[in-house]
Amino acid sequence: MSQTEKKIAFISATTLLLSTLEYLIPKPLPFLRLGLANLPLLIILDGMSFGPFFIILLLKAVGQGMVSGTLFSYLFLISLAGTLSSGIAMKGAKQLLGIRVSLVGCSLLGAFVSNLSQLQVASWIAYGPSIWIAAPLMLALGMVTSFALGLLAEIYLQRGTTGKALTQGTLSLSIPPTEEKVSHKHLLFASLLAIVAILLAKGLITLAVITALMYLLQWVAGRRIRIIPALMLIFSLVVLSLFEPNGKVLFSMGTLAFTEGSLTIALTKALRLLSLLSASQSLSASNPKIEGKAGTLLALTLAYFSLLTRSFRETKGSVIQRVDQALQATASGKSTDKTSPATHKKLINIPLFLFIVLGVLAVSLISLIVY
């Protein structure tokens, strides 16, 4: 494997580390991001050509989806739109303007383009036109956080050692051991059937039952269930329903009113999206395998990410010092993940997994007959 490919995987893994830390922060909208994962992208704007840079953007988006379990959900499409648009905008600005634009300027531009792209895609596939009500808040927050992120990138390039080595091409990278995961094709197929059933299901009660079954399936698949993001999704859709009145008024607050039709639509949409997100988590547990060089690069990225995460937890000092130490330890091969896969992953109960999927299919089929 070439040094360039190792560098691509290493930088992509660094974006995953920062993205994972950000993913733990509760947000009013599930796709809202502070942009921490863009820090490595800012640092390498001058040190990498567009081709490898674009591959890093793709690995960042796909890796985030695999780590968080959202690869096969609506959140991945929103994340992909934001990642590609912001990355291309920042790289394009740097190539066109060179030293006339700072990392702060690139960061501000990337955040602005990313937020607009995510809002547009979110309005198409999840929230509807009412999501644009959140545009002022998202854009304002994006300007503040991206300004701070640009400053942080400037500071890290001055004080950190790994960032300079990356931009100058002097960083020597070792190849970490990659874990060969077993791909469960029957679980993959079953999860895809569940997704089809969710999309076809009709009725609020039906979707409530299916959502409960999908959370049970996610638990059986060994994927962590996070309640706060689910509640925030429901809350955001219900609040946005205030701006799209439909049907009988249940109660009002000044000029805003909760109507029966809009509330039903909001809850139905929320339950369908939560079920699809849970299906994505379950599908990720089947370890779908990507063949060829793309699969090799992704596996290497995830291996670097595993070592970076472990190293970051073991380091001490300021955030910049901890990140720098983790990067150095992983790059040099001094950080080795000695944890056995069996110690942190439970075996999937395949018969129970398939039985739950059959239940989802049955409930969906009944709803098509009844409604």
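The rules we used
Residues numbered from 1 in each chain as written. Predicted model: local features only at pLDDT ≥ 70, side-chain atom pairs only at ≥ 80, totals over all residues. Heavy atoms only, no water. Helix = DSSP H or I, 4+ residues; strand = E, 2+ residues; numbered from the N terminus. Buried < 20%, exposed > 50% of the residue type's maximum accessible area, 1.4 Å probe, protein only. Areas by Shrake-Rupley, 256 points an atom, 1.4 Å probe, with all protein chains shown as cover. Salt bridge = Lys/Arg side-chain N within 4 Å of Asp/Glu carboxyl O. Contact = heavy atoms within 4.5 Å. Expected span 1.5 Å × (residues − 1). Arc of directions from axis to C-beta. Polar contact = N/O pair within 3.5 Å; in protein donor to acceptor, adjacent residues only side chain to side chain. Phe/Tyr/Trp six-rings, centres within 6.5 Å; stacked < 30°, edge-to-face > 60°. Lys NZ or Arg CZ within 6 Å of the ring centre and 35° of its normal. Core = buried A, V, L, I, M, F, W, Y, C linked by side-chain atoms within 4.5 Å. Patch = residues over 30% accessible without salt bridge, like charges linked within 9 Å, V, L, I, M, F, W, Y side chains within 5 Å. Axes fitted to C-alpha atoms, helices over the stretch in contact; angles between N-to-C directions. Parallel < 35°, antiparallel > 145°, perpendicular 65-115°, else oblique. Left-handed = near helix turned anticlockwise from the far one by under 90°. Nonpolar A, V, L, I, M, F, W, Y, C, P; charged D, E, K, R; others polar. pLDDT = per-residue confidence, 0-100.

### A short note on the overall build of the chain
In step 1: For the chain, the count of helices and strands is 15 helices and two strands.
In step 2: Burial status across the chain gives 49% buried among its 371 residues.
In step 3: Looking at the chain as shown, the accessible area adds up to about 17,600 Å², and 69% of this sits on carbon and sulfur atoms.

### Comments concerning the pattern of salt bridges
In step 1: Applying the stated criterion across every chain, the model contains three salt bridges.
In step 2: Between Glu-5 and Lys-293 there is a salt bridge, with its nearest N and O atoms 3.2 Å apart. Taken together, the residues Glu-5 in helix α1 (residues 3-23) and Lys-293 in helix α12 (residues 292-314) connect sequence positions 288 residues apart.
In step 3: Measuring nitrogen to oxygen at the nearest pair gives 3.4 Å for the salt bridge that ties Arg-310 to Glu-314. With Arg-310 and Glu-314 both in helix α12 and four residues apart, this pair spans about one turn of that helix.

### Description of the environment of Ser-236
In step 1: Tracing the backbone shows Ser-236 in helix α10 (residues 227-241).
In step 2: The class for Ser-236 is buried, based on a relative accessible area of 7%.
In step 3: As for Ser-236 and Ala-266, which are separated by 30 residues in sequence, their C-alpha atoms are 9.2 Å apart.

### Overview of the side chain of Thr-83
In step 1: The residue Thr-83 is located in helix α4 (residues 74-97) in this model.
In step 2: For Thr-83, the contacting residues outside a window of four places in its chain are Leu-57, Lys-60, Ala-61 and Gln-64.

### Things to note about helix α15 (residues 350-370)
In step 1: Under the 1.5 Å per step criterion, the end-to-end length of α15 is 30 Å for 21 residues, consistent within 8% with the ideal 30 Å.
In step 2: When α15 is considered as a whole, its buried residues turn out to be Phe-353, Ile-356, Val-357, Val-360, Ser-364 and Ser-367. Seen along its axis, α15 keeps its buried residues to an arc of 100°; they face one direction. Exposed and oriented more than 90 degrees from the buried face of α15 are Pro-351, Phe-355, Leu-358, Leu-365, Ile-369 and Val-370.
In step 3: Packing partners of the buried residues in α15 comprise α8 (185-200), α9 (204-220) and α11 (260-284).
In step 4: Backbone nitrogen of Leu-352 and a side-chain oxygen of the N-cap are separated by 3.2 Å at the start of α15; the cap is Asn-349.

### Remarks on the packing of aromatic side chains
In step 1: One pass over the structure, following the stated rule, counts two aromatic pairs.
In step 2: On the basis of an interplanar angle of 85° and a centroid distance of 5.4 Å, the ring pair of Phe-10 and Tyr-304 is categorised as edge-to-face. On the criterion of sequence distance, the pair formed by Phe-10 in helix α1 and Tyr-304 in helix α12 is long-range, its members being 294 residues apart.
In step 3: Positioned above the aromatic ring of Phe-53 is the side chain of Lys-91, whose terminal nitrogen or guanidinium carbon lies 5.5 Å from the ring centre.

### Notes on the nonpolar core
In step 1: Ranked by size, the top nonpolar core spans 39 residues in total, and within it Leu-42, Leu-45, Phe-53, Ile-56 and Tyr-304 carry the most contacts.
In step 2: For this core, the elements supplying multiple residues, two or more each, are α1, α2 (39-43), α3 (50-68), α4, α5 (103-125), α6 (135-159), α12 and α13 (319-332).
In step 3: With eight residues, α1 is the single largest residue contributor to this core.
In step 4: Apart from residues no more than four positions distant in its own chain, Tyr-304 is found in contact with Lys-6, Ala-9, Phe-10, Ala-13, Leu-173, Ser-174, Ile-175, Pro-176 and Thr-330.
In step 5: Core analysis: the second largest hydrophobic core is formed by 23 residues, Leu-119, Ala-126, Ile-131 and Ala-270 among them.

### Topic: a nonpolar patch on the surface
In step 1: A contiguous nonpolar patch, built from Val-196, Leu-200, Ile-205, Val-209, Leu-365, Ile-366, Leu-368, Ile-369, Val-370 and Tyr-371 and spanning about 1,000 Å² of accessible area, is present on the exposed surface.
In step 2: Element by element, the count of residues in the nonpolar patch is highest for α15, at five residues.
In step 3: Taking the relative accessible area as the measure of exposure, Val-209 reaches 37% and is therefore partly exposed.

### Let's talk about the packing of α9 against α11
To characterise two packed helices, one gives the angle between the axes of the helices and the distance between these axes.
In step 1: Running from amino to carboxyl end, α9 crosses α11 at an angle of 20°, the nearest separation of the two axes being 9 Å. Classed by the angle they form, the pair α9 and α11 counts as roughly parallel. Handedness of the crossing formed by α9 with α11: left-handed. For the pair formed by α9 and α11, the contact residues are Leu-204, Leu-207, Ala-208, Ile-210, Thr-211, Met-214, Tyr-215, Leu-217 and Gln-218 on the first element and Leu-267, Thr-268, Leu-271, Arg-272, Leu-274, Ser-275, Ser-278, Ala-279, Gln-281 and Ser-282 on the second.
In step 2: Each residue belonging to the contact of α9 with α11 can be placed in one class, and the counts come to 11 nonpolar, seven polar and one charged.

### Topic: the environment of Asn-115
In step 1: If you trace the backbone, Asn-115 turns up in helix α5.
In step 2: Classification of Asn-115 by relative accessible area gives buried; the value is 6%.
In step 3: Considering only alpha carbons, one finds Asn-115 and Met-138, 23 residues apart in sequence, at a separation of 6.8 Å.
In step 4: Those residues within four positions of Asn-115 in sequence are excluded, and the remaining contacts are Met-138, Leu-139 and Gly-142.

### Overview of the confidence of the model for the chain
In step 1: Mean pLDDT over the chain: 82, with 85% of residues reaching 70 or higher.
In step 2: Across residues 339-344, confidence stays below pLDDT 50; counting only partners more than four residues off in sequence or on other chains, it has two contacts.

### Considerations on the packing of α3 against α12
In step 1: Direction vectors running N to C along α3 and α12 enclose 65°, while the axes themselves pass 10 Å from each other. Judged by the sense of rotation from one axis to the other, the crossing of α3 with α12 is right-handed. For the pair α3 and α12, contact is made by Ile-55, Leu-59, Val-62, Gly-63, Met-66 and Val-67 and by Leu-297, Leu-298, Thr-301, Leu-302 and Phe-305, respectively.
In step 2: Taken together, the residues that form the contact of α3 with α12 break down as nine nonpolar, two polar and no charged.

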